[in-house]
Amino acid sequence: MITTFNPTVLQWARKRAGLDEAALAKKVLGRPDAEDAVRKWEKTGELTLHQAELLAEKTYTPFGYLFLDKPPQENLPIQDFRTSGGHGIQKPSPALLEVIYQCQRRQAWYREYLTSNGVDPLDFVGKSSAQTPVEATAKAVSERLKIGPRISMEVPSWRENLTLHFEAAEEAGILVMRNGVVGNNNRRKLSRDEFRGFALSDEYAPLVFINTRDAAAAQLFTFVHEVVHIWIGESAVSNPVRTYAEANSLESYCNAVAAEVLIPLSQIERNWNAAADPEYEIKRIANLYKVSSLVASRRAKDAGFITPVEFKHFYETEIRRYSRNAAPTEDTKAAGGNFHNSLKARAGDRFCRALIADTLEGKTQYTEAFHLLNLKNTKSFEGFARARFPYLMNEISAR
């Protein structure tokens with residue numbers, strides 16, 4: 001049965017997914033040489049209902065969108081502080097939108113879970129503003145979460161440093177979710193050039209998401225940057241590497257606080273060797289505090305050890321390196337390729353524990369839990385619970 005759609009909507013769905021006619025033909029019809037069929041669809045709007053369903057699936061487009069009279073205007077549901085050459089990136093990818101929506105659903109569930117259990121709101125959400133002195137906010141973040149040099153200078157590896165920072169934030173009540181793909185679909189990789197993280201501010205369930213298609217040092221800075229957004233009560237999607245030298249006042253503030261948290265100015269002033277080559281010292285400081293050379297060079301500039309011109313050179317070098325290097329290993333590989341470990345990192349320990357316990361106690365429906373964790377059935381849900389949270393299974397079974 002042939003169904004007629006608005007041709008511009010069909011073309012929009014293809015372009016939205018970043019596909020040309022041949023690529024879409026291969027996905028829907030199984031033949032890349034059938035691009036003429038795709039061109040015909042986009043001229044007449046005519047294709048079978050089954051083909052339309054496949055088109056929606058392969059372009060990650062909600063099926064109902066195909067029936068619209070014109071392409072929808074998809075906007076980010078939170079503030080957009082990503083920039084490219086000083087200009088905002090206007091069109092979010094389907095992947096970014098899906099990740100934000102999923103995190104919002106998880107946050108909404110967790111907020112209801114907390115309020116229904118009589119938990120008080122967190123006192124640090126929105127406690128600062130962009131007018132609060134940088135040092136004051138940095139001190140508040142460092143002391144409340146117990147992060148920064150007290151962790152980074154005591155652990156041997158960059159990965160362990162990152163993990164301990166995430167765990168400290170979760171212990172304080174911040175949901176930390178990290179992923180390099182959409183949901184559990186390893187073929188839908190997130191773009192680190194599009195975004196490196198975002199924050200969803202909420203007085204009960206603040207959430208930080210980290211794009212793991214990035215090096216550990218870059219993830220660490222993004223993480224603290226997003227935590228600062230929570231501290232000032234602002235939800236936002238960010239690309240801190242791209243905005244490190246931007247003039248946007250809010251992003252500059254978050255960058256400055258994050259840098260002070262990771263390398264307090266008083267510490268770099270004590271640890272800097274003025275007799276050594278500045279480039280060597282920047283690398284040494286970066287290794288000492290397990291941060292990127294970008295952050296180390298910024299702190300050197302702030303302390304007056306290098307000039308603004310020298311910092312600009314280091315910044316531009318770092319940006320070129322980020323653009324040139326391939327994406328690093330994802331959380332699946334960092335977790336040893338173990339799916340259950342990866343899922344725990346993707347949804348966050350605090351969220352998973354609460355959802356599993358609530359579901360096993362019969363307060364949350366299994367179908368809702370499957371949806372929130374991107375799992376298919378009871379077997380996969382209970383397999384995950386047994387693998388990563390066996391004490392919950394045993395505790396609830398014993399009641």
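Values in this document were obtained by computation on a predicted structure and should not be read as measured data.

1. Observations regarding the side chain of histidine 225
Relative to the helices and strands, histidine 225 is located in helix H9 (residues 216-231). Of note is the side chain of histidine 225, whose polar atom sits 3.5 Å from the side chain of serine 238. Those residues in contact with histidine 225 that sit more than four places away from it in its chain are Ser238, Pro240, Glu251, Cys254, Asn255 and Ala258.

2. Some details on the packing of helix H2 (residues 21-29) against helix H4 (residues 49-58)
At their nearest, the axes of H2 and H4 sit 9 Å apart, and the two run at 120 degrees to each other. One way to sum up the angle between H2 and H4 is to call them oblique. Crossing geometry of H2 relative to H4 is assigned as right-handed. Taken together, the residues of H4 that come into contact with H2 (itself represented by Leu24, Lys27, Val28 and Leu29) are Gln51, Leu54, Leu55 and Lys58. Tallied by class, residues from the contact of H2 with H4 come to 5 nonpolar, 1 polar and 2 charged.

3. Brief notes about the pairing of strand E6 (residues 175-179)
Most of E6 is tucked away: 4 of the 5 residues are buried. Pairing of E6 with strand E10 (residues 207-211), which is carried by 5 bridges, proceeds in the parallel orientation. Across the sheet, residue methionine 177 finds its bridge partner in E10, namely phenylalanine 209.

4. Let's talk about the packing of aromatic side chains
In this description, a pair of aromatic rings is defined by centroid distance and the angle of the planes. This structure, assessed with the given rule, holds 18 aromatic pairs. Ring centres of tryptophan 109 and phenylalanine 351 lie 5.7 Å apart, and the angle between their planes is 80 degrees; this geometry places the pair in the edge-to-face category. Pair noted here: tryptophan 109 is in helix H5 (residues 94-116) and phenylalanine 351 is in helix H18 (residues 349-360), with a separation of 242 residues, a long-range link. Relative accessible area serves as the criterion here: at 0%, phenylalanine 351 is assigned to the buried category. Each ring, one from phenylalanine 195 and one from phenylalanine 209, has its centre 6.1 Å from the other, and the planes form 25 degrees; the classification is stacked.

5. Focus: H2
Residue pairs spaced three or four apart in an α-helix point in one direction, given the helix's 3.6 residues per turn. Among the residues of H2, those classed as buried are Leu24, Ala25 and Val28. Down the axis of H2, the smallest arc covering the buried residues is 105 degrees, so these residues share one side. Each element contacted by the buried residues of H2 is listed here: helix H1 (7-16), helix H3 (35-44) and H4. A side-chain oxygen of the first residue of H2 lies 3.3 Å from the backbone nitrogen of alanine 22; this N-cap is aspartate 20.

6. Digging into the packing of helix H6 (residues 134-145) against helix H11 (residues 249-262)
Interaxial distance between H6 and H11 falls to 9 Å at its minimum, and their mutual angle equals 55 degrees. Between H6 and H11, the crossing angle belongs to the class labelled oblique. Note on packing geometry: the crossing formed by H6 with H11 is right-handed. Contacts from Val134, Glu135, Thr137, Ala138, Val141 and Ser142 in H6 reach Tyr253, Ala256, Val257, Glu260 and Val261 in H11. When its residues are assigned to classes, the contact of H6 with H11 shows 7 nonpolar, 2 polar and 2 charged.

Thresholds applied
- Residues numbered from 1 in each chain as written.
- Predicted model: local features only at pLDDT ≥ 70, side-chain atom pairs only at ≥ 80, totals over all residues.
- Heavy atoms only, no water.
- Helix = DSSP H or I, 4+ residues; strand = E, 2+ residues; numbered from the N terminus.
- Polar contact = N/O pair within 3.5 Å; in protein donor to acceptor, adjacent residues only side chain to side chain.
- Contact = heavy atoms within 4.5 Å.
- Axes fitted to C-alpha atoms, helices over the stretch in contact; angles between N-to-C directions.
- Parallel < 35°, antiparallel > 145°, perpendicular 65-115°, else oblique.
- Left-handed = near helix turned anticlockwise from the far one by under 90°.
- Nonpolar A, V, L, I, M, F, W, Y, C, P; charged D, E, K, R; others polar.
- Buried < 20%, exposed > 50% of the residue type's maximum accessible area, 1.4 Å probe, protein only.
- Pairing = 2+ DSSP bridges.
- Phe/Tyr/Trp six-rings, centres within 6.5 Å; stacked < 30°, edge-to-face > 60°.
- Arc of directions from axis to C-beta.

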